[in-house]
Structure formats: C-alpha cells, structure tokens
Amino acid sequence: MAPGSRLLALWALAALVLPSSGEDDDGGWRRGGPGAVAEEERCTVERRADLTYAEFVQHYAFVRPVILQGLTDNSRFQALCSRERLLASFGDRVVRLSTANTYSYQKVDLPFQEYVEQLLHPQDPTSLGNDTLYFFGDNNFTEWASLFRHYSPPPFGLPGTSPAYSFGIAGAGSGVPFHWHGPGYSEVMYGRKVLYFPDRWWHATLNLDTSVFISTFLG
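Keep in mind the model is a prediction, meaning the values are calculated, not measured.

Chemist: It is not clear to me how the sheet that holds strand β8 (residues 184–190) should be interpreted in this structure. Could you clarify?
Modeler: Picture the strands of a sheet paired through backbone hydrogen bonds; they go either parallel or antiparallel. Taken together, the seven strands give an open sheet; going across it, the order is β4-β3-β5-β6-β11-β8-β9, and neighbouring strands pair in antiparallel fashion. One side of each edge strand has no neighbouring strand; the edge strands of this open sheet are β4 (107–111) and β9 (196–197). Lying over the sheet, helix α5 (residues 112–119) contacts β3 (94–99), β4, β5 (133–136) and β6 (163–170), oriented at roughly 100° with respect to β4.

As structure tokens, then:
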C-alpha cells in the first residue's frame, strides 16, 4: 500500500465504531452524552468474527489492521470496569496521566477518583495534544492486579513476542496524533475505538465517547 493510502486508511481506522459487548450498557461512563464525537458513515477496516489463526497470520498479522469479534468473553472484566466499581476499588490509588501528544512528554500523578470526577470530560476539539491529559499506560500492575487478572487477551499471538497490557480511560474527543509502534490489540470495554494493528502501522486514535480500554502490545 502506498504511504498516502496507508494514512487515509488509518484515519478511517481511528474513527471506527466498535461497540462493547454490552452495547446498551455504558457502565456509568455516559456513553453517547454531550461531547460525544460523531462517527463516520463508512469504516474501511474489515471485520472478522470467524477468523482462524492461520488466516490471521496470512492475511492480517503483518499486513493490515482488522477488527476481530467473538474471540474472547470479557463480560466479567467489563463489569468490573464500570465507573462505580472502579471508583470503589481504586479511587484512592494514584495514577499517572500522560499528555496526548505523540511521545507523551508530560506526566502528572493524582488520585484516580480526582481524575474521574474532575478531569475526565469531553475535550475541546481545538485543544492541542500537549494540553490534554488522560490515563493510558503507566499502569501499576501490582496495585491493579485484582482487576487485570480477570482480563482474557486475544488468543492470537505472534512468534517471538510476549504480551504487555496498557489500560486506560479517556474522555470523548481525546486521543493521540499519528504515531507507530509494535503490533498489538486495543479492546474497548466501554466506548468506541479500534482493535488489531500490525507492526509499525501509522495510526491515530480518537475516543468518540468516554472510553475504557485495554491494549495488548506484542513485543
């Protein structure tokens, strides 16, 4: 694929719709409320619900992104990611926020409850990435172990890689500008976002609603 075509395809990827397993349940995160970003009418990323591992490796793993459906059942993990349950379990835990520019230059530490109640709101579409703070990555896996142990990652791995999780919660209109990194998955518990991305595939992310998501990086 030509570089220009790749960028166009990934702009569509950044804005695609991926409902959580409980499509009518927003987990208390106000899905579709004020500040939600309108979705594009057409998504160019292929969806597969019956994909075998052989097909995944041959057609997608090293070539192009794909939305994978029905591979795992994370309904338990999703329920634990509701606003009420996360605040009850982790409200007093300190989390590290990052600016939304490509390299996440600035870091700010504050209690999770303060982030949810004071900073987690729809973003001004004119604001710059380095003016936007949100919670993604930089997870304390010891403090959050009681949550992460309930997550079932996508079963399709890549030879010579091991998974690493990155959990996040972000307001509508937030995201990260065009960037690339290694291959992996981004699964949305509440909100709308993307799923599989190949190695070094240029992409941007845009949270259309308040989103609770977990990425599995293969490195």
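Chemist: What should I look at first to understand the pairing of β3 in this one?
Modeler: Working note: regular strand, side chains alternate between the two faces of the sheet. Bridging between β3 and β4 involves five bridges; their strand directions are antiparallel. Paired with V94 across the bridge in β4 is P111. Bridge analysis of β3 against β5 gives two bridges, and the strand direction is antiparallel. Across the sheet, S98 pairs through a bridge with Y134, a residue of β5.

Chemist: Please explain the pattern of salt bridges as it appears in this structure.
Modeler: Here the idea is simple: oppositely charged side chains can pair when their charged atoms come close. Tallied over the entire structure, the rule returns six salt bridges. For the salt bridge of E55 with R48, the shortest nitrogen-to-oxygen distance reads 3.4 Å. With a relative accessible area of 16%, R48 lands in the buried category. In this structure, R96 and D109 form a salt bridge, with 2.8 Å as the shortest nitrogen-oxygen distance. Of this pair, R96 sits in strand β3 while D109 sits in strand β4, placing them 13 residues apart in sequence. On the basis of relative accessibility, which here comes to 34%, the residue R96 falls in the partly exposed class. Three or more residues joined by partner-sharing salt bridges are found here, namely R48, D50 and E55.

Chemist: Whenever I open this one, helix α4 (residues 83–90) confuses me. Can you help?
Modeler: For the α-helix, the turn length of 3.6 residues means that residues three or four positions removed from each other point alike. When we look at burial in α4, the residues that qualify are L86, L87 and F90. Along the axis of α4, the buried residues cluster in a sector spanning 100°; they form a single face. Opposite the packed face of α4, turned more than 90 degrees from it, sit the exposed residues E84 and A88. In the core, the buried residues of α4 are packed alongside α3 (75–80), α5, α6 (145–148) and β6.

Chemist: Can you walk me through a nonpolar patch on the surface in this structure?
Modeler: Residues F178, W180 and W202 make up a contiguous nonpolar surface patch of about 290 Å² in total accessible area. Within the element layout of this structure, W202 appears in the loop between β9 and β10 (203–206).

Chemist: Could you clarify how one ought to interpret the environment of T72 in this entry?
Modeler: For T72, the location among the structural elements is in the loop between β2 (67–68) and α3. Considering only alpha carbons, one finds T72 and P154, 82 residues apart in sequence, at a separation of 6.5 Å. Residues within four places of T72 in sequence aside, it is in contact with S152, P153, P154, P155 and E187. Among the polar contacts listed, one links the side chain of T72 to the side chain of N74, at a separation of 3.3 Å.

Chemist: Looking at this structure, I do not really get the nonpolar core. What am I missing?
Modeler: In summary, soluble globular proteins display a tendency toward joint burial of nonpolar side chains. In this structure, L86, F112, W144, L147, F167 and I169 are the most contacted members of the largest nonpolar core, which totals 32 residues. Contacts of L147, omitting those with residues within four sequence positions, involve F77, L80, C81, L86, F90 and F167.

Chemist: Explain the side chain of S186 here, please?
Modeler: Looking at the secondary structure, you find S186 in strand β8. Among the residues examined, S186 registers a relative accessible area of 3% and is labelled buried.

Chemist: Which parts of the structure should I look at to understand unusual backbone geometry?
Modeler: The phi torsion of most residues other than glycine is negative, and most of the peptide bonds are trans. Positive phi outside glycine occurs at D138, with the angle close to 50°. Take D138: it is sitting in the loop between β5 and α6. Looking at D138, the relative accessible area reads 41%, which means it is partly exposed. A positive phi angle is found at R200, which is not glycine, with a value near 55°. On the secondary structure map, R200 appears in the loop between β9 and β10.

Conventions and cut-offs
Residues numbered from 1 in each chain as written. Predicted model: local features only at pLDDT ≥ 70, side-chain atom pairs only at ≥ 80, totals over all residues. Heavy atoms only, no water. Pairing = 2+ DSSP bridges. Helix = DSSP H or I, 4+ residues; strand = E, 2+ residues; numbered from the N terminus. Contact = heavy atoms within 4.5 Å. Axes fitted to C-alpha atoms, helices over the stretch in contact; angles between N-to-C directions. Salt bridge = Lys/Arg side-chain N within 4 Å of Asp/Glu carboxyl O. Buried < 20%, exposed > 50% of the residue type's maximum accessible area, 1.4 Å probe, protein only. Arc of directions from axis to C-beta. Patch = residues over 30% accessible without salt bridge, like charges linked within 9 Å, V, L, I, M, F, W, Y side chains within 5 Å. Areas by Shrake-Rupley, 256 points an atom, 1.4 Å probe, with all protein chains shown as cover. Polar contact = N/O pair within 3.5 Å; in protein donor to acceptor, adjacent residues only side chain to side chain. Core = buried A, V, L, I, M, F, W, Y, C linked by side-chain atoms within 4.5 Å.

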